[in-house]
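Observations on chain architecture
Okay, here's what each chain looks like letter by letter:
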Amino acid sequence: MKIAIVDDEQDMRQSISQWLALSGFDTETYASAEDALKGIGPDFPGVIVTDVKMPGMDGMAFLKRLMGVDSGIPVIVITGHGDVPMAVEAMRIGAYDFLEKPFNPDRMTDLAKRAGQQRRLTLDNRALRKELSDGTVLMRKLIGSSPVMERLREDILDLGQADGHVLITGETGTGKTLVAHALHAVGPRAGKHFVTLSCAAHEEETLAAMLFGPVGEDQDKPLVEQARGGTLVLEDVEGLSQGLQARLLTFINDQGTPAETRIVAICNAPEPDQCEGALRPDLFYRLAAMRIDLPPLRQRGEDILTLFTRFGEQFAEEYGTDAPQVTAQEAAQLLQAPWPGNVRQLINIAERAILQQRRGSGSIASLLMSDNTQIAPQAIGEGKPLKEYVEAFERMLIDNTMRRHRGSIASVMEELCLPRRTLNEKMAKYGLSRSDYL
């Protein structure tokens, strides 16, 4: 975490900088508030430590300017002995905390650590909100080149532009909530309210109050009001009681056409037909005016290897180790596994594979077996021709090697013992482009 130290006294700047650097912070110093403002903008990845009494722009004026740049930047203000009223005013303006001269360096370090944690949380939350409102980012999260995933992305782009309510069905772990976010983010409602509610997480009385009101004086508006003009996502919609289904239907009918608030209903019933059976017919057909059925992972072919590789690389970087190289046998086992937990299960196995790799023991096959994912032939839902397994492994191997060598054709040719023409033909066959790895 970066710490910007602003003080007109050189000795004080250097003293604070050296102490915080020894505590593991990346420090930068400024002799004036004016200089500091040139290097500090919105989303500054750190904390500001500033003296109050400085020539030109003093610390209080500097604090006010910083709050205008980004009110979430933690600012630790250093005040002279006895300047309590000034410290109180600084806190009112938005300072994180203040230190009174002479101060204990350990106290400075402790404050900087806590302020840094707060800043990191603020920036992480901002990044998450931006990600969930950026249709391009969300669509990139829907990884895969299988026909069912290509069709899913096309459906999202098409339905995202429409006003009708949407019903999303699919097995657990297939990414239904991510698709709901993407539908909102790629359409005209992007940037407007996006409200989610799990219908299975609350008792009927609480659920009714949360959805439709009335609410207490210390509570927010009911969710149908919070989502007005935007999107209301109802997860586990099959869990609504008959009474709440009737009220929801009335709300939908009262909105007219086009609907002011779009409802995206997510059904987590194991089979799509079970969702239809759990909802009253008139509500089901209103919610299912547009419908997206998410494919289970076992139907996505070589996407399984692509996903496993991507998540493995992410976890390898997080844990500071090398991603395991998937053998042909392991690739076949991954492709054959029934994946009852779908993508969520694959993510868990990828992380555990990296942890095993770090210890230098275990195998992907053992993880699949211990995860109750039997890979014996009788447990395999759908067989595939040998040619498909070979092609999927070949594509994964070329993809991984291109990534490792950052698109160096010569290095890939040498490692895989392939002549250039053969490599070019195989890359064209599998839709791989060198520019994607540079």
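Presented here is a report on the structure given in the accompanying data block. (Residues numbered from 1 in each chain as written. Predicted model: local features only at pLDDT ≥ 70, side-chain atom pairs only at ≥ 80, totals over all residues. Heavy atoms only, no water.)

A word on the packing of helix 14 (residues 303-319) against helix 15 (residues 328-336)
Defined as follows: Angles shown run from 0 to 180 degrees and are taken between the N-to-C directions of axes, each axis being a line fitted to C-alpha atoms and, for helices, limited to the stretch in contact. By the criteria applied, helices consist of DSSP H or I runs no shorter than four residues and strands consist of E runs no shorter than two, each listed in order from the N terminus. Just so you know how the angles are binned, under 35 degrees is roughly parallel, over 145 roughly antiparallel, 65 to 115 roughly perpendicular, and the rest oblique. Handedness of a crossing is defined here by the sense of rotation of the near helix relative to the far one, left-handed for an anticlockwise turn of less than a right angle and right-handed for a clockwise turn. Note on definitions: a residue-residue contact is assigned when non-hydrogen atoms from the two residues lie within 4.5 Å. Charged residues are taken to be Asp, Glu, Lys and Arg, nonpolar residues to be Ala, Val, Leu, Ile, Met, Phe, Trp, Tyr, Cys and Pro, and polar residues to be all remaining types, Gly included.
It is the contact of helix 14 with helix 15, at a shortest axis distance of 9 Å, that shows an interaxial angle of 115°. Considered as vectors, helix 14 and helix 15 are oriented roughly perpendicular to each other. For the pair helix 14 and helix 15, the crossing hand works out as right-handed. Two secondary-structure elements touch here, helix 14 through Ile304, Leu305 and Phe308 and helix 15 through Ala331, Leu334 and Leu335. Of the residues belonging to the contact of helix 14 with helix 15, the class tally is six nonpolar, no polar and no charged.

Regarding the pairing of strand 8 (residues 231-235)
To be explicit about the condition: Burial classes: relative accessible area under 20% of the type maximum marks a residue as buried, over 50% as exposed, and values in between as partly exposed (1.4 Å probe, protein chains only). Pairing between strands is defined by DSSP: at least two bridges between the two strands are required.
Burial analysis of strand 8 places five of its five residues in the buried class, which makes it a mostly covered element. Looking at chain direction, strand 7 (residues 194-198) and strand 8 are connected through five bridges and run parallel. Pairing of threonine 196 across the sheet is with valine 233, part of strand 8.

Observations regarding the packing of helix 3 (residues 59-69) against helix 4 (residues 84-93)
Where helix 3 meets helix 4, the closest approach of the two axes is 10 Å, and the angle between their N-to-C directions is 10°. Classified by the angle their axes make, helix 3 and helix 4 are roughly parallel. Across from Met60, Leu63, Lys64 and Met67 in helix 3, the residues of helix 4 making contact are Met86, Glu89, Ala90 and Ile93. Looking at the contact of helix 3 with helix 4 residue by residue, the classes come out as six nonpolar, no polar and two charged.

Section: the packing of aromatic side chains
Aromatic ring pairs are defined here through the distance separating the ring centres and the angle between the ring planes. Where we set the bar: Pairing of aromatic rings covers Phe, Tyr and the six-membered ring of Trp, with a centre-to-centre limit of 6.5 Å; geometry is then stacked below 30 degrees between planes, edge-to-face above 60, and tilted otherwise.
In this structure the tally under the stated criterion is one aromatic pair. Ring centres of phenylalanine 284 and tyrosine 285 lie 5.2 Å apart, and the angle between their planes is 80°; on these two criteria the pair is classed as edge-to-face. Note on phenylalanine 284: relative accessible area 4%, which makes it buried.

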